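This is what each chain is made of:
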Amino acid sequence: MFIKDLLKDKVILVTGGRSGIGYQIARSCLLYGAVVYITSRKEEKLKAAAKKLKELGPCYAIAGDIRAVEQVQNVAEHIKALSGRLDILVNNAGGQFPAPAQDISPNGWNAVINNNLNGTWYMTQIMAKEFFIPQQSGSIINIIANMFRGFPGMVHTGAARAGVDNITKTLAVEWSRFNIRINAIAPGIIQSTGLEQYPPELLKDVSDRIPLKRLGTTKEVADLAVFLMSPMANFITGETIYIDGGQRLWGDVFEF
Ligand SMILES: CCC/C=C/C(=O)SCCNC(=O)CCNC(=O)[C@H](O)C(C)(C)COP(=O)([O-])OP(=O)([O-])OC[C@H]1O[C@@H](n2cnc3c(N)ncnc32)[C@H](O)[C@@H]1OP(=O)([O-])[O-]
Ligand SMILES: NC(=O)C1=CN([C@@H]2O[C@H](COP(=O)(O)OP(=O)(O)OC[C@H]3O[C@@H](n4cnc5c(N)ncnc54)[C@H](OP(=O)(O)O)[C@@H]3O)[C@@H](O)[C@H]2O)C=CC1
């Protein structure tokens, strides 16, 4: 546990905040005193999540697709109208599907690149221009994936996440002049709603192939996100932190 008021009155946007890791990050931010905005495509589910989160503190839902520039701009306008500022952006929305590289169609490739690379970029650039650069302060956290040794079985997301890893390094330098910190979190396999998208055989006995012999929890990812966005991490920027029980360093993970 961190101190109670660690994020007091910080205005935080969590993309994909209606479920899984994003929901837990939003929840933790509220518990540490922040004002939280969540965004995702499915409006009803998003509103239901915000209603539940509101029991912990001020939480607002703004529906939008990170792949659509005008919808991202609309999210920024809403935050500006309601809070007048944004302190922290968590780029968590994303996802992909498992497929042998040779079978991925051009549309399938583009869908995953758009979601994880382009969508993250639109969000990052628009929030920086609308808030962080004029404010001369901001912190960005990108949730990517474990692509330390490539991503066999999901080449599209490996490429997209490696792109975000590089954006993280580049902007840490380029936007340091605006007092913007930017870091990434690379989760291994986390027990969350996202895993329901995968066939059970892909995940069978997967914890045996992780050195710590278990999956991660959404709370563990959220704790890392809170640390990185807090003043405790004020001298950390351009870093990607793996939270994977050692998976990246050892053995095979998926059959492919
Ligand atoms: C376990 C490892 C650790 C990682 C865990 C996590 O990340 S957990 C987080 C997990 N959470 C998530 O992943 C949630 C978010 N994920 C998503 O929304 C989707 O996976 C998305 C990224 C593809 C976006 O979808 P969209 O609405 O833009 O896509 P669309 O429907 O318009 O299709 C466009 C093209 O993609 C093709 N295609 C699509 N699915 C499949 C498939 N299963 N199979 C094959 N192909 C597939 C589809 O056929 C089409 O190509 P076509 O036929 O025209 O040539
Ligand atoms: N769980 C795991 O083991 C791992 C997860 N990750 C990554 O962590 C992040 C969160 O995963 P997790 O919580 O498990 O999965 P979920 O599927 O539960 O969360 C994905 C969230 O992103 C939102 N989303 C997806 N695409 C878009 C879009 N184009 N625009 C706006 N919102 C979008 C979804 O909401 P909606 O459908 O309403 O748009 C949903 O809330 C993802 O980027 C995932 O790929 C990475 C490695 C491992």
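Residues numbered from 1 in each chain as written. Chains lettered and ligands numbered in written order. Predicted model: local features only at pLDDT ≥ 70, side-chain atom pairs only at ≥ 80, totals over all residues. Heavy atoms only, no water.

1. Section: the packing of aromatic side chains
Here is step 1: This structure, assessed with the given rule, holds three aromatic pairs.
Here is step 2: Note that Lys80 overlies the ring of Phe131, its terminal NZ or CZ placed 5.5 Å from the centroid.
Here is step 3: One cation-aromatic arrangement involves Arg248 over Phe148; the distance from NZ or CZ to the ring centre is 5.8 Å. (Phe/Tyr/Trp six-rings, centres within 6.5 Å; stacked < 30°, edge-to-face > 60°. Lys NZ or Arg CZ within 6 Å of the ring centre and 35° of its normal.)

2. Observations regarding the sheet that holds strand E9 (residues 240-243)
Here is step 1: Within the open sheet, the seven strands sit side by side as E3-E2-E1-E4-E5-E6-E9. Their pairing is parallel. Looking at which strands have only one partner, the edges of the open sheet turn out to be strand E3 (59-61) and E9. Direction aside, the axes of adjacent strands within the sheet are offset by 20° on average.
Here is step 2: Against the sheet, helix H7 (residues 218-229) contacts strand E1 (11-15), strand E4 (88-91), strand E5 (138-143), strand E6 (180-187) and E9, and its axis sits at roughly 165° relative to E6. (Pairing = 2+ DSSP bridges. Helix = DSSP H or I, 4+ residues; strand = E, 2+ residues; numbered from the N terminus. Axes fitted to C-alpha atoms, helices over the stretch in contact; angles between N-to-C directions. Contact = heavy atoms within 4.5 Å.)

3. A word on helix H2 (residues 43-53)
Here is step 1: Among the residues of H2, those classed as buried are Leu46, Ala49, Ala50 and Leu53. Seen end-on, H2 carries its buried residues on one side only, within an arc spanning 100°. In H2, the exposed positions angled more than 90 degrees off the buried face are occupied by Glu44, Lys51 and Lys52.
Here is step 2: If you follow the buried residues of H2, they end up packed against helix H1 (20-31), strand E2 (35-39) and E3. (Buried < 20%, exposed > 50% of the residue type's maximum accessible area, 1.4 Å probe, protein only. Arc of directions from axis to C-beta.)

4. Considerations on the packing of H1 against H7
Here is step 1: At a minimum axis distance of 8 Å, the contact between H1 and H7 shows a crossing angle of 50°. Classified by the angle their axes make, H1 and H7 are oblique. Considering the relative orientation of H1 and H7, their crossing is right-handed. Contacts between H1 and H7 involve Gly20, Ile21, Gln24, Ile25, Ser28 and Cys29 from the former and Thr218, Lys219, Val221, Ala222, Ala225, Val226 and Met229 from the latter. (Parallel < 35°, antiparallel > 145°, perpendicular 65-115°, else oblique. Left-handed = near helix turned anticlockwise from the far one by under 90°.)

5. As for unusual backbone geometry
Here is step 1: A positive phi angle, close to 60°, is found at Gln136, a residue other than glycine.
Here is step 2: If you check the backbone angles, Asn179 has positive phi at about 65° while not being a glycine.
Here is step 3: One can find Asn179 in the loop between helix H5 (155-174) and E6.

6. As for the site of ligand 1
Here is step 1: Around ligand 1, the surrounding shell holds 17 residues, and the nearest of these are Arg67, Gly95, Gln96, Ser105 and Asn107.
Here is step 2: Arg41 places a side-chain nitrogen or oxygen 3.4 Å from an oxygen atom of ligand 1.
Here is step 3: Take Gln96: an N or O atom from its side chain is 2.6 Å from an oxygen atom of ligand 1.
Here is step 4: Protein coverage of the free-state accessible area of ligand 1, which is 1,100 Å², stands at 59%.
Here is step 5: Its residues assigned to classes, the shell around ligand 1 comprises six nonpolar, nine polar and two charged. (Near = heavy atom within 4 Å. Polar contact = N/O pair within 3.5 Å; in protein donor to acceptor, adjacent residues only side chain to side chain. Areas by Shrake-Rupley, 256 points an atom, 1.4 Å probe, with all protein chains shown as cover. Nonpolar A, V, L, I, M, F, W, Y, C, P; charged D, E, K, R; others polar.)

7. Details of the site of ligand 2
Here is step 1: As a structural note, the neighbourhood of ligand 2 is formed by 30 residues, with Arg41, Asn115, Arg161, Ser192 and Thr193 the closest of them.
Here is step 2: In the environment of ligand 2, a nitrogen atom lies 2.9 Å from a nitrogen or oxygen atom belonging to the side chain of Asp65.
Here is step 3: Protein contact buries 92% of the 870 Å² of open area that ligand 2 shows by itself.
Here is step 4: Residues of the shell around ligand 2, tallied by class, amount to ten nonpolar, 14 polar and six charged.

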